[in-house]
Amino acid sequence: VQLQASGGGLVQAGGSLRLSCAASGRTFRDWDMGWFRQAPGKEREFVAAIRWSGGTTVYGDSVKGRFTIFRENAKTTIFLQMNSLKPDDTAVYYCATTPRTALSSLTVVSSYDYWGQGTQVTVSS
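Residues numbered from 1 in each chain as written. Predicted model: local features only at pLDDT ≥ 70, side-chain atom pairs only at ≥ 80, totals over all residues. Heavy atoms only, no water.

Caption draft 1: Local environment of the pairing of strand β4 (residues 31-38). Most of β4 is tucked away: seven of the eight residues are buried. Across eight bridges, β4 lies against strand β9 (residues 91-99) in antiparallel orientation. Paired with Trp-31 across the strands is Pro-99, a residue of β9. Direction of pairing for β4 relative to strand β5 (residues 45-50): antiparallel, over a ladder of five bridges. Across the sheet, the residue bridging to Arg-37 is Glu-45, located in β5. Connecting the antiparallel pair β4 and β5 is a turn made up of six residues, with Gly-41 showing a positive phi of about 80 degrees. (Buried < 20%, exposed > 50% of the residue type's maximum accessible area, 1.4 Å probe, protein only. Helix = DSSP H or I, 4+ residues; strand = E, 2+ residues; numbered from the N terminus. Pairing = 2+ DSSP bridges.)

Caption draft 2: Spatial organisation of the state of the cysteines. A full pass over the atoms with the stated rule returns one disulfide. The disulfide that involves Cys-21 links it to Cys-95, with 2.1 Å between the sulfurs. Between Cys-21 and Cys-95, the S-S dihedral sits near 65 degrees, and the bridge is therefore right-handed. A residue pair is termed long-range when its members are at least 10 positions apart, and Cys-21 in strand β3 (residues 17-24) and Cys-95 in strand β9 qualify at 74 residues. On the basis of relative accessibility, which here comes to 0%, the residue Cys-21 falls in the buried class. For Cys-95, a relative accessible area of 0% translates into the label buried. (Disulfide = S-S within 2.5 Å.)

Here's what the structure looks like:
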């Protein structure tokens, strides 16, 4: 399984970015996918997750109402649309995937089996 994250960059506060994560290497029916982020000196933090088959989404409290996770029709790529960005959103963003798991487990780092390489998002004030 390979996950390729892209779309990071430098943006001013209030701006927007769209991250993408392309999955390959197996059939992903019934696999769930998520986005996490990690800022320097901090633990990896849950951002958003989506059910691969059903489209159910879950968001971290700090991004609710600003970020949207969605997938394209072929279900091999997920996206994270990030609006109203804040300097506190600065971090390396990682996508991850796991076979279908409990909804409550989607926010937990250890629930995911495969991780992408990360993409840097920097928000200037």
